[in-house]
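A look at the structure
What follows is the residue order along each chain.
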Amino acid sequence: MSDPAALARFIDAHPRLFVLTGAGCSTGSGIPDYRDLDGGWKRRPPVTLQAFVADAKTRSRYWARSLVGWRRFGRARPNGTHAALARLEADGRVEVLLTQNVDGLHQAAGSDNVIDLHGRLDTVRCLACEVRTPRGVFQRALEALNPDWLALDALDAPDGDADLEGLDFASFRVPDCEACGGLLKPDVVFFGENVPRERVERAEAHLAAADAMLVVGSSLMVFSGYRFARAAAHAGKPIAAVNLGRTRADDILSLKIESDCAATLESALLPLSRLRERVG
Ligand SMILES: [Zn+2]
């Protein structure tokens, strides 16, 4: 049996899927990921919440790199993986789609029932008064304050970051909250930061209502995602994963497919839709 056929059988046997997605879904949209095939870091780990809050220069460096990185990140479009998962939801097979990605591409592809586990990069939040600003508005404020930085370009890094190095980041100006003067931060969960409890509980309730778990494009190396695989296994729910390379949950998977996410999902969903046409 080919891998997509095994996945088709898995999906057909479990009508309510708890879908968990990661960076591997978005690499096909031009957004790089952090992990190599072994689940190790490809690059320097991202900035921590502690460093971001404690040090103005760290914030300047973060936003200067983000000024450059956002220009392409903000324009990224969904790919075949996002489209296939949106179709799965339209077919009524998705209990919820929990994503570790912060790019909003599942929603852009038409998925409605999405929990953004790590938040969204297209929103900026004030750490003091919680006011939220669209990232596009904040981008224009950054550009207006830092005209000398507009000509710079660098290779894209994960999460809307760009590999800008060796510059005097202290000279980069970052606006504070217009309402209260507080520190502004992208509305994403940083490394070293906890996922809001309410969000975890909402996802756990969906997992309890699901028949099985489908992991797409995640190595599950980050505990905030891995915990759901552990919980699924604990509850006796089977887990299938489509991912290029190792996952932290390899020992508890019922089905593992190590190949391209978009191609695998597209071939797996094809027989299901043919079946539906025959039944309909
Ligand atoms: Zn504020």
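These figures come from a predicted structure and were not determined experimentally.

Details of the coordination of the zinc ion
Of the protein atoms, only C126 (SG), C129 (SG), C177 (SG) and C180 (SG) coordinate the zinc ion, at distances of 2.3 Å. Ordering the donors of the zinc ion by residue number gives the pattern C-x2-C-x47-C-x2-C. Here the residue C126 occupies a position in strand β4 (residues 119-126), and C177 occupies one in the loop between β7 (161-162) and β8 (184-188), the gap between them amounting to 51 residues. The exposure class assigned to C177 is buried, which follows from its relative accessible area of 7%.

Let's talk about the packing of helix α7 (residues 197-209) against helix α8 (residues 223-234)
Interaxial distance between α7 and α8 falls to 11 Å at its minimum, and their mutual angle equals 35°. In terms of crossing hand, the pair formed by α7 and α8 is right-handed. Contact with α7, carried on its side by R197, V200, A203, E204 and L207, involves R227, F228, A231 and A232 of α8 and no other residues of that element. Here the residues of the contact of α7 with α8 sort into six nonpolar, no polar and three charged.

Looking at the side chain of S29
Checked against the element boundaries, S29 lands in the loop between β1 (17-21) and α2 (49-54). With residues near it in sequence (within four places) discarded, S29 still touches A76, R77, P78, N79, H82 and L105.

Here's the deal with the pairing of β4
Most of β4 is tucked away: six of the eight residues are buried. As defined by bridge partners, β4 adjoins β8 across four bridges and the pair is classed as antiparallel. Residue pairing for β8: G119 is matched across the bridge by V188.

Definitions and limits used
- Residues numbered from 1 in each chain as written.
- Predicted model: local features only at pLDDT ≥ 70, side-chain atom pairs only at ≥ 80, totals over all residues.
- Heavy atoms only, no water.
- Donors = N, O, S within 2.8 Å, 3.2 Å for Na, K, Ca; no water.
- Helix = DSSP H or I, 4+ residues; strand = E, 2+ residues; numbered from the N terminus.
- Buried < 20%, exposed > 50% of the residue type's maximum accessible area, 1.4 Å probe, protein only.
- Axes fitted to C-alpha atoms, helices over the stretch in contact; angles between N-to-C directions.
- Left-handed = near helix turned anticlockwise from the far one by under 90°.
- Contact = heavy atoms within 4.5 Å.
- Nonpolar A, V, L, I, M, F, W, Y, C, P; charged D, E, K, R; others polar.
- Pairing = 2+ DSSP bridges.

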